[in-house]
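Listed below are the residues making up each chain.
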Amino acid sequence: EPEVTQTPSHQVTQMGQEVILRCVPISNHLYFYWYRQILGQKVEFLVSFYNNEISEKSEIFDDQFSVERPDGSNFTLKIRSTKLEDSAMYFCASSWGAVGGETQYFGPGTRLLVL
Amino acid sequence: AQTVTQSQPEMSVQEAETVTLSCTYDTSESDYYLFWYKQPPSRQMILVIRQEAYKQQNATENRFSVNFQKAAKSFSLKISDSQLGDAAMYFCAYSIQVEYNFNKFYFGSGTKLNVKP
């Protein structure tokens, strides 16, 4: 069964550094998402991406964040200048459609630790 | 406010027994969908079961079933005949369609289920 994959599984970085988290969504999916989960807290929506542009973003997704689909398979989340509070698990997800009830398929996550 | 609450951070069940994970949510929407996802350690979050809010009948999927109480905004997951492979983090979520091209998910903080042999 097709799966969403994410790399790396863990990343440690210094505050102020740039990080790029990578995702390969399911191949025939059209909608892509990033979520994050700070330890012990809820999974929070960051951004959705469709047709090569952001379709929706949360208030968390500020100018430090950007997303890109550089080719036909990868979907990346870039954090330009990491802060301590960016430490979290980041999940990528994809779906075929965006109608009500459409299931989103999630990757295993990247655990980011900012020191 | 759209919120999902999972009040049990961690639970344990003996193999072959039944366990119920609780979830409550708050929404003013009338059309929404409810989900339970399972995340084994270091693995993908996978869909366990899905419920349309307009359906009164509770969804079932093999050993997994839900108790959907719409008026109470409650959506609990029952796992029957628990197996060691059921050990995972379980996330409750609901989704609403915000725009034609955006279906927003709201998640709870998760319940870690331990299964004892």
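Residues numbered from 1 in each chain as written. Chains lettered and ligands numbered in written order. Predicted model: local features only at pLDDT ≥ 70, side-chain atom pairs only at ≥ 80, totals over all residues. Heavy atoms only, no water.

Caption draft 1: Representation of the pairing of strand S2 (residues 10–14) of chain B in the model. All names here are of chain B. Here S2 shows one buried face, formed by Met-11 and Val-13, and one open face, formed by Glu-10, Ser-12 and Gln-14. Sheet topology note: the S2/strand S12 (residues 111–116) ladder contains five bridges and is parallel. Bridge assignment links Ser-12 to a residue of S12, and that residue is Asn-114. (Buried < 20%, exposed > 50% of the residue type's maximum accessible area, 1.4 Å probe, protein only. Helix = DSSP H or I, 4+ residues; strand = E, 2+ residues; numbered from the N terminus. Pairing = 2+ DSSP bridges.)

Caption draft 2: Representation of the pattern of salt bridges. Residue and element names in this part refer to chain B. All chains considered together, the criterion is met by six salt bridges over all chains. Salt-bridge contacts for Asp-86 lead to Arg-63; the nearest nitrogen and oxygen are separated by 2.8 Å. A residue pair is termed long-range when its members are at least 10 positions apart, and Asp-86 in the loop between strand S9 (74–79) and strand S10 (88–99) and Arg-63 in the loop between strand S7 (60–61) and strand S8 (64–69) qualify at 23 residues. The class for Asp-86 is buried, based on a relative accessible area of 2%. (Salt bridge = Lys/Arg side-chain N within 4 Å of Asp/Glu carboxyl O.)

Caption draft 3: Structural view of the side chain of Gln-37 of chain A. If you trace the backbone, Gln-37 of chain A turns up in strand S4 (residues 31–37). At 2.9 Å, the side chain of Gln-37 of chain A forms a polar contact with the backbone oxygen of Gln-41 of chain A. Filtering out sequence-adjacent residues up to four positions away, Gln-37 of chain A remains in contact with Lys-42, Val-43, Ala-88, Met-89 and Phe-91 of chain A together with Phe-91 and Ser-109 of chain B. (Polar contact = N/O pair within 3.5 Å; in protein donor to acceptor, adjacent residues only side chain to side chain. Contact = heavy atoms within 4.5 Å.)

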